[in-house]
Structure formats: C-alpha cells, structure tokens
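# Topology and contacts: notes
Chain by chain, the residues run as shown.
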Amino acid sequence: MGAPEYTDEKQPDLLEVITGEHGSSSEEDYDYEDPKNYSTNFVDEHNPKGLRRPTEHESQTLRRVIGNIRYSTIILCLCEFAERASYYSTTGILTNYIQRRIDPNSPHGWGAPPPGNPDASAGALGKGLQTASALTNLLTFLAYVAPLFGGYMGDSTIGRWYAIQWGVFFGFVGHLFFIFASIPGAISNANAGLGLCIIAIVTLSVGTGFIKPNLLPLLLDQYPEDTDMVKVLPSGEKIILDREQTLSRLTNIFYWSINIGSILLRNLVKYSLNEKYIAIFEIKIHITISQANYCSVDYRYRNKVRIEPVVEKLSQVENS
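Model, not experiment: these values are computed from the prediction.

### Some details on the nonpolar core
Counting residues in each nonpolar core, the largest one holds 18 residues, and the members touching the most others are Leu94, Tyr97, Ile98, Leu139, Phe178, Cys197 and Ile201. Of all the elements, helix H7 (residues 190-221) adds the most residues to this core, at five residues. Listed in part, the 13 residues of the second largest apolar core include Cys79, Trp161, Ile164 and Leu216.

In structure tokens:
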C-alpha cells in the first residue's frame, strides 16, 4: 500500500466552524470594493457603504470602542430581573409558609403575624420542618435540572425566543398557583394549600428552566455584527467597534439585572413581612405582572425556529 496522500488544503479553524468568524485580512489581500467586507446594519454619510471589516494593521492600531447597544435590547433583561426576583423571593419565605402554622390572631388570614408581637413569625400550612425542607430542596433541584431541557429545546427545536415565551408562561402560571395557595381558604385547608404549593413549585421550576439558559444567548444575538467593524466618525477618525467588548457590556448588564432582582425583591419581601404590611405571597402579584409584560416585547427579538446546536458544529470539526 502506498503512503497516504496529503494536500495543502487548510482545515477549518475551530473558531471559524463554531462562530463563522474569520481573521482580519492583510493589507495586500484586502479588497476594499468587496461588499462582503461591509455591513449595512449602519449607514450614514461618513460610512456610505456601511461598516467595514478591519485589516490586520487597523486591528492593531485603531482605537477600540463599544458598539451601539439598542436601549430596546435591555428590555430583555427585565424578564431575567423578574425571573430571579420571583425565584429568590419564593425560596426566602417558602420554608415559613410550609413549616409554621398560621397565627390564630392573624389580622386577615393571609399568613402574616398579628401586629404588636415582635416574636411572632409568618406561617400558613404548619406541615413541619421535614416537609418544608423536602419541598424547598425539590425547588432547588428542579431549578438546576430544568435548564438542561429548556436549553436543548431553545437551541435545537423551538428557538430561544419561543423557549423564553414558554418560560414566562409557566412562570406566570406558577405564581398564580402560589397566590391561590396563599388565600385564606387554601391556608385553612392545609392539604389543599400544600397541593397547590407543589404544583406551583414544579411549574415555577419549568419556567426557570426555559428562561435561564436561553435569555443571555438571545440577548447577545441582538448585536448585529459578527466581528469587529471599522467606523468613520464625523471628525474623520476611524475607530473599531469591538465586538468582544460590546458583548461583555451586554453580559454585565444582564448579570446586573440578576443581582438587582435577587437582592432587591428578596429584601422587599422580608421587609414587608417584618413590618406586617402584606401577606406571605402578596408580593408575587407584582412579579407576575412583570413577567407578563415580557410578552409584549417587539417581534425584532425573534430568532430562527431552528438553530444549529453547538454540539453539531463541534462534530463538524471532528469530521473535517
């Protein structure tokens, strides 16, 4: 048998296969008239052909700035704000709701302790610590497992936009069940209240599973450029719109919304319970409204129904 034949054909780089990005062209090979080197997402009198891909020299010498971020894109972060607020506000008071009995002197029967008694604690069902621990652990477990399924659905089946829509729907329904479980009639019948609470826990976890793995990738997809681009300012200066820095800024805004949602709403619930102004789950009405508002977001955020999963892209590297 003869020796295997080798060709000089360059195999695709891993980064190119996964992201579709190519390195910057050298000055000699760069074609300033090639429309493939231009992006028409932004066109003005100083950039009549649109933004241009940089050459290697420009990539090393031009000043880099963050690209334009549409304010409407930030609306997507409101969904994650509401989702994290709803999750942490639930875990913060769920134990008391399940473990402790409602105080007989509760002023309205919604779980809050009577005023003027600093030693009293909010409660509702009185099922004990063991049941409370089991259900709070169930919520935590499902909240970590469900994103595996939600991420797969968003990446390969229904698309991220529709996956988030389903997550908002399940979150909305879950909080409705939490509200139903906290009404005086459900609290007085502990078994009925417990059943509604379990349904709410499962439904809320499914909503979390569809939202968490899909929202940040969808947010980053809203930046229209797939690589660094050269922009000419009115002053005549050429700058580079740095894609990596822009995506980093979007990611920081996303996690800022997570932190604000998880800290602000959780502390608001504790303050409300300590001051005895609201019942144990009344705050969820506001969170439900916040998540429902996401359904009115503009259609521009919708993505393709079928998205090629990263796993399939990696398999292309192995077969190349």
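### Brief notes about the packing of helix H5 (residues 160-181) against H7
Axis separation between H5 and H7 bottoms out at 7 Å; the angle between their running directions is 155 degrees. Classified by the angle their axes make, H5 and H7 are roughly antiparallel. When you trace H5 past H7, the crossing you get is left-handed. For the contact of H5 with H7, the residue count by class is 23 nonpolar, eight polar and two charged.

### Here we look at the packing of helix H3 (residues 75-99) against H5
Relative to each other, H3 and H5 sit at 30 degrees, their axes nearing to 12 Å. Classified by the angle between their axes, H3 and H5 sit roughly parallel to one another. H3 and H5 meet at a crossing whose hand is left-handed. Here Cys79, Ser86, Thr90, Leu94 and Tyr97 of H3 come into contact with H5, specifically with Ile164, Val168, His175, Phe178 and Ala181. The residue inventory of the contact of H3 with H5, partitioned by class, reads seven nonpolar, three polar and no charged.

### A few points about the UniProt feature "transmembrane region" (unreviewed entry) in the protein
As annotated in UniProt, the feature "transmembrane region" (unreviewed entry) corresponds to residues 134-154, 160-180 and 192-211 in the numbering used here. Taken end to end, residues 134-154 comprises 100% helix and 0% strand; its first and last C-alpha atoms sit 30 Å apart. As annotated, residues 160-180 comprises 100% helix and 0% strand, and the C-alpha atoms at either end are separated by 30 Å.

What counts and how
Residues numbered from 1 in each chain as written. Predicted model: local features only at pLDDT ≥ 70, side-chain atom pairs only at ≥ 80, totals over all residues. Heavy atoms only, no water. Core = buried A, V, L, I, M, F, W, Y, C linked by side-chain atoms within 4.5 Å. Buried < 20%, exposed > 50% of the residue type's maximum accessible area, 1.4 Å probe, protein only. Helix = DSSP H or I, 4+ residues; strand = E, 2+ residues; numbered from the N terminus. Axes fitted to C-alpha atoms, helices over the stretch in contact; angles between N-to-C directions. Parallel < 35°, antiparallel > 145°, perpendicular 65-115°, else oblique. Left-handed = near helix turned anticlockwise from the far one by under 90°. Nonpolar A, V, L, I, M, F, W, Y, C, P; charged D, E, K, R; others polar. Contact = heavy atoms within 4.5 Å. UniProt positions renumbered as here; feature names shortened; annotations may be inferred.

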